[in-house]
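This is what each chain is made of:
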Amino acid sequence: MQADAASERGYLEMQNHKPDTIGVALTDSPVALLAWITEKFKARDSSYPTPDESVDRDQLLANVTLYWFTRSGESSAQFYYEAQHSTVEPAVFAPVPTGWAVFDTHPLMRRVMNPTGAIAHWSEYAEGGHFPAMEQPTLLADDIRTFFRSIR
């Protein structure tokens, strides 16, 4: 678990501590944005030699294009910084029903993210990764439907 965390640490550390540095690259260079996002597809499952084997190339390019034309690479990096440095309690402790679907994560995730059992609906899937709506759309859609049916 420590080795896996260490291999992904640079990505997270850059966003947690220097979001404006990576943000400029993500907003200024389509090649930097493509490399940054493509790496997340590759990192999610190392059994694939290239990222475009883990997800359809057109889907990958559509995802990157959305970030590029909306210029949201920088705000995406800023989100990680703000989440790390916020003194506001996480929204999962709000008094409204909350549902989480986690994909390709460590079994300890639930203990860390839901120590009090405040999350009403929790699903874990071995398939999928950082972009579950693209990688496992049926699983995600079914899980969202199940959650909303449970709070009627």
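Preceding this section is the structure that the text describes.
Calculation rules
- Residues numbered from 1 in each chain as written.
- Predicted model: local features only at pLDDT ≥ 70, side-chain atom pairs only at ≥ 80, totals over all residues.
- Heavy atoms only, no water.
- Helix = DSSP H or I, 4+ residues; strand = E, 2+ residues; numbered from the N terminus.
- Buried < 20%, exposed > 50% of the residue type's maximum accessible area, 1.4 Å probe, protein only.
- Areas by Shrake-Rupley, 256 points an atom, 1.4 Å probe, with all protein chains shown as cover.
- Core = buried A, V, L, I, M, F, W, Y, C linked by side-chain atoms within 4.5 Å.
- Phe/Tyr/Trp six-rings, centres within 6.5 Å; stacked < 30°, edge-to-face > 60°.
- Expected span 1.5 Å × (residues − 1).
- Arc of directions from axis to C-beta.
- Polar contact = N/O pair within 3.5 Å; in protein donor to acceptor, adjacent residues only side chain to side chain.
- Contact = heavy atoms within 4.5 Å.
- Salt bridge = Lys/Arg side-chain N within 4 Å of Asp/Glu carboxyl O.

K.L.:
Explanation requested: the overall build of the protein chain in the structure shown.
P.N.:
A count of helical and extended segments in the protein chain gives nine helices and two strands. Starting at the N terminus and ending at the C terminus, the protein chain contains elements arranged as α-α-α-α-α-α-β-α-β-α-α. Evaluated residue by residue, the protein chain yields a buried proportion of 28% over its 152 residues. Surface summary for the protein chain: the accessible area is close to 9900 Å², and the carbon and sulfur share equals 58%.

K.L.:
Would you take a moment to explain the nonpolar core for this structure?
P.N.:
Soluble globular proteins tend to pack their nonpolar side chains together in the buried interior. Counting 13 residues, the largest nonpolar core has I37, F41 and L60 as its most contacted members. Of all the secondary structure elements, the ones that give two or more residues to this core are α2 (19-28), α3 (30-44) and α5 (57-70).

K.L.:
Whenever I open this one, the packing of aromatic side chains confuses me. Can you help?
P.N.:
Given two aromatic rings, their pairing is described by the distance between the two centres and the angle made by the two planes. By the definition in use, this model includes three aromatic pairs. Measuring from centroid to centroid gives 5.1 Å for F147 and F148, while their planes differ by 65°, and the two rings are edge-to-face.

K.L.:
I tried to follow α5 on my own but got confused; where do I start?
P.N.:
Each full turn of the α-helix corresponds to 3.6 residues, which orients residues three or four apart in the same direction. For α5, spanning 14 residues, the distance from its first C-alpha to its last is 20 Å, which sits close to the expected 20 Å at 1.5 Å a residue. Those residues of α5 that sit buried are L60, N63 and V64. Along the axis of α5, the buried residues cluster in a sector spanning 90°; they form a single face. Opposite the buried face of α5, by more than 90 degrees, sit the exposed residues D58, L66, F69 and T70. Capping the start of α5, D56 holds a side-chain oxygen 3.0 Å from the backbone nitrogen of D58, two or three residues further along.

K.L.:
Please clarify how the side chain of T98 should be interpreted in this entry.
P.N.:
Take T98: it is sitting in the loop between α6 (73-85) and β1 (99-103). Accessibility expressed as a relative area gives 13% for T98, which makes it buried. For T98, the side chain forms a polar contact with the main-chain oxygen of V96, separated by 3.2 Å.

K.L.:
What is the right way to read the environment of L33 from this model?
P.N.:
Mapped onto the elements, L33 comes out in helix α3. Among all residues touching L33, those that are not within four sequence positions of it are L26, V64, Y67 and W68.

K.L.:
Quick question: what am I supposed to make of the pattern of salt bridges here?
P.N.:
A side chain with one charge can pair with a side chain of the opposite charge if their charged atoms come near. With the rule as written, the count across this model stands at one salt bridge. A salt bridge links R145 to D142; the shortest N-O distance between them is 3.1 Å. Of this pair, R145 and D142 both sit in helix α9 (residues 137-150), three residues apart, which is roughly one turn of that helix. With a relative accessible area of 42%, R145 lands in the partly exposed category. We classify D142 as partly exposed; its relative accessible area is 40%.

K.L.:
How do you make sense of α2 when you look at a structure like this?
P.N.:
Buried residues of α2: P19, I22, G23, L26 and T27, and no others. Looking straight down α2, one finds that the buried residues subtend no more than 130° of arc, so they occupy a single side. When the buried face of α2 is taken as reference, the exposed residues oriented beyond 90 degrees from it are T21 and D28.

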